[in-house]
Amino acid sequence: SLEFLSGFPRDGMRQGGILPAIIGTLYLTLGTAVFSVPLGIAAAIYLSEYAADSPLTRTIRIAIINLAGIPSVVYGLFGLGLFVLFLKFGTSILAASLTLSIMTLPVIISTAEESLRSVPQGFRTVSISLGATRWQTIRHIVLKEALPGILTGVILGLERAAGETAPILFTGAAFFLPRLPGSPFDATMALPYHLFVISTQVPEMPIQIQYGTALVLIVFVLGMNLIANFIRSRA
């Protein structure tokens, strides 16, 4: 119902809507994209186009692959120690976004690098022979050819961030917050953590609210996929 999507929770979250959780998930996803996408693509460009094939570079690639397999709860504890306690960001959208960014970086870097390396070397050779600089070749030729694969990696990383519970549990998610966050240093509700809470922590929770929240989260992730597919088709 419209009230469920646009209302605020009340009566111990047994009634009302989930608007704060929807907006909080959107803020966290956007914050993760702001921090992880430019850094991830830049790192992929460096590893693919500039870094020499040395033992150090191969070690970095192995480390990136290993980081992609670390459980999310470990990233949550790392974010708690670094962003919440050491840098004193507190339990906030900023701390949670930075934690999710670190978690998604390995996926973005790996997929973006593979996409860049799959562009035929002849494209680079012809572009440089016509007088383009290396950066002009990367910007106008290589990145455009690799865009579909890069977008796939970005969406995979952001989808994982949008659906994670453990990292935001330690760094930015609130159990119950019937208002919208006013700044990046505020805590926020989020759909994954809210779904966990109403499914396990709140007695006599109506089953419709649980499954409704799950459906909204699935539609949120599906919407990201559709947007990515649209951009890929236009490119």
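Counting from 1, residues in each chain are numbered in the order their sequence is written. Thresholds applied to this predicted model are a pLDDT of at least 70 for local features of residues and 80 or more for the giving and counting of side-chain atom pairs; totals over whole chains, interfaces and linings are not thresholded and use all residues. Working from all heavy atoms in the structure, the side-chain values ignore hydrogens and water.

**Regarding the pattern of salt bridges**
Inference 1: Take a side-chain nitrogen of Lys or Arg and a carboxyl oxygen of Asp or Glu: if they are within 4 Å of each other, that pair is a salt bridge. Under the criterion given, the structure shown has six salt bridges.
Inference 2: In this structure, Arg 10 engages Glu 3 in a salt bridge whose closest nitrogen and oxygen atoms are separated by 3.2 Å.
Inference 3: Linked through salt bridges whose partners overlap, the residues forming this network are Arg 61, Glu 113 and Arg 117.

**Description of the layout of surface pockets**
Inference 1: Taken as a whole, the largest pocket spans an internal volume of roughly 210 Å³.
Inference 2: Contributing to the lining of the largest pocket are 13 residues, with Thr 29, Ile 155, Leu 158, Met 224 and Ile 227 lying nearest its centre.
Inference 3: Sorting the residues of the lining of the largest pocket by element identifies helix H2 (19-50), helix H7 (134-163) and helix H10 (207-234) as the ones contributing at least two each.
Inference 4: Element by element, the count of residues in the lining of the largest pocket is highest for H10, at five residues.
Inference 5: Note on residue classes: Ala, Val, Leu, Ile, Met, Phe, Trp, Tyr, Cys and Pro are nonpolar, Asp, Glu, Lys and Arg are charged, and everything else, Gly too, is polar. The residue makeup of the lining of the largest pocket, split by class, is twelve nonpolar, one polar and no charged.
Inference 6: Buried and open spaces are told apart on a 1 Å grid over the protein atoms alone, a cavity being a set of points where a 1.4 Å probe fits but cannot get out and a pocket being an open set with protein on both sides within 12 Å along at least five of seven lines. Residues with an atom within 4 Å of a point are the lining residues. Grid points are joined across faces, edges and corners, and a volume is the space filled by probe spheres set on the points. Quantified by volume, the second largest pocket comes out at close to 170 Å³.
Inference 7: Along its surface, the second largest pocket is lined by Ser 48, Glu 49, Leu 116, Arg 117, Val 119, Gln 121, Arg 124, Ile 128, Arg 134, Thr 137 and Ile 138.
Inference 8: Among the elements of the structure, H2, helix H5 (93-117), helix H6 (121-129) and H7 are those that each provide at least two residues to the lining of the second largest pocket.
Inference 9: Broken down by class, the residue content of the lining of the second largest pocket amounts to four nonpolar, three polar and four charged. A run of H or I in DSSP becomes a helix once it reaches four residues, and a run of E becomes a strand once it reaches two; helices and strands are each numbered from the N terminus.

**Structural notes on H10**
Inference 1: Multiplying 1.5 Å by the helix residue count minus one yields the expected span of that helix. Taking 1.5 Å per residue as the helical rise, H10 with its 28 residues ought to reach 40 Å, and the 41 Å between its terminal C-alpha atoms agrees with that figure.
Inference 2: Close packing links the buried residues of H10 with helix H1 (2-6), strand S2 (15-16), H2, H7 and helix H9 (191-200). Note on definitions: a residue-residue contact is assigned when non-hydrogen atoms from the two residues lie within 4.5 Å.

**Let's talk about a nonpolar patch on the surface**
Inference 1: On the surface, Leu 26, Tyr 27 and Leu 30 cluster together into a nonpolar patch covering about 260 Å² of accessible area.
Inference 2: Exposure remark for Leu 26: the relative accessible area of 35% places this residue in the partly exposed category. Distance thresholds for patches are 9 Å for like charges and 5 Å for nonpolar side chains (Val, Leu, Ile, Met, Phe, Trp, Tyr), applied to residues having over 30% relative accessible area and no salt bridge. Under the convention used here, a 1.4 Å probe and the Shrake-Rupley method define accessible areas, while residue burial counts only the protein chains that appear. Only protein chains enter the calculation, and the probe is 1.4 Å; a residue is then buried if its accessible area is under 20% of its type maximum, exposed if over 50%, and partly exposed in between.

**Topic: the packing of helix H3 (residues 55-68) against H5**
Helices that pack against each other are described as a pair by the angle of their axes relative to one another and the distance between those axes.
Inference 1: Helix axes use the C-alpha atoms of the stretch in contact, all axes being lines fitted to C-alpha atoms, and the angles between their N-to-C directions lie in the range 0 to 180 degrees. Two elements in contact, H3 and H5, have axes whose closest approach is 8 Å; the angle formed by their N-to-C orientations is 130°. One way to sum up the angle between H3 and H5 is to call them oblique. The element H3 and its partner H5 pack so that their crossing is left-handed. Taking contact as the criterion, the partners of Arg 61, Ile 64, Leu 67 and Ala 68 in H3 are, on H5, Pro 106, Ile 109, Ser 110, Glu 113 and Arg 117. Angle categories: roughly parallel below 35 degrees, roughly antiparallel above 145, roughly perpendicular from 65 to 115, and oblique for all the rest. Each crossing gets its hand from how the near helix is turned against the far one by less than a right angle, where anticlockwise is left-handed and clockwise is right-handed.

**Things to note about the packing of H2 against H9**
Inference 1: Direction vectors running N to C along H2 and H9 enclose 140°, while the axes themselves pass 8 Å from each other. Viewed along their axes, H2 and H9 adopt a mutual orientation that is oblique. Two secondary-structure elements touch here, H2 through Ala 21, Ile 22 and Thr 25 and H9 through Leu 191, Pro 192 and His 194.

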